[in-house]
Amino acid sequence: MARQRVRFTFSADMVREPIIYRLGHDFDVVTNIRRADVRADMGWVVLELDGTDDEIQRGLTWVADNGVRVDPIAGDVIEG
């Protein structure tokens, strides 16, 4: 199993789309939301993804192809 942390940035037209749900449902990837700020005109979500490297990459490609910006994150994002 692999684990990867990423940040999704959503434009106004993508904020209401169930991208994270579909990522977890349509791909063999477990999603864990670590931080988020979602508003009517934009949003970002930091996710921890668990799955095989291939399945995570396949899912992230699908997310990016649907218009969501995907950026990798190193380290933990939750502060005490």
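The coordinates are above.
What counts, and at which threshold
Residues numbered from 1 in each chain as written. Predicted model: local features only at pLDDT ≥ 70, side-chain atom pairs only at ≥ 80, totals over all residues. Heavy atoms only, no water. Pairing = 2+ DSSP bridges. Helix = DSSP H or I, 4+ residues; strand = E, 2+ residues; numbered from the N terminus.

Enquirer: Could you clarify how one ought to interpret the pairing of strand β1 (residues 2–11) in this entry?
Expert: Regular strands place their side chains on alternate faces of the sheet. Taken together, the 10 bridges between β1 and strand β3 (residues 42–51) define a ladder with antiparallel strand orientation. Its bridge partner being in β3, T9 is matched across the sheet by W44. Bridge count between β1 and strand β4 (residues 69–73): 5 bridges; the pairing is antiparallel. Across the sheet, the residue bridging to F8 is V70, located in β4.

Enquirer: Can you walk me through the pairing of strand β2 (residues 30–38) in this structure?
Expert: In the sheet, β2 pairs with β3 via 8 bridges, with the strands oriented antiparallel. Paired with V30 across the strands is D50, a residue of β3. As consecutive antiparallel partners, β2 and β3 are separated by 3 residues.

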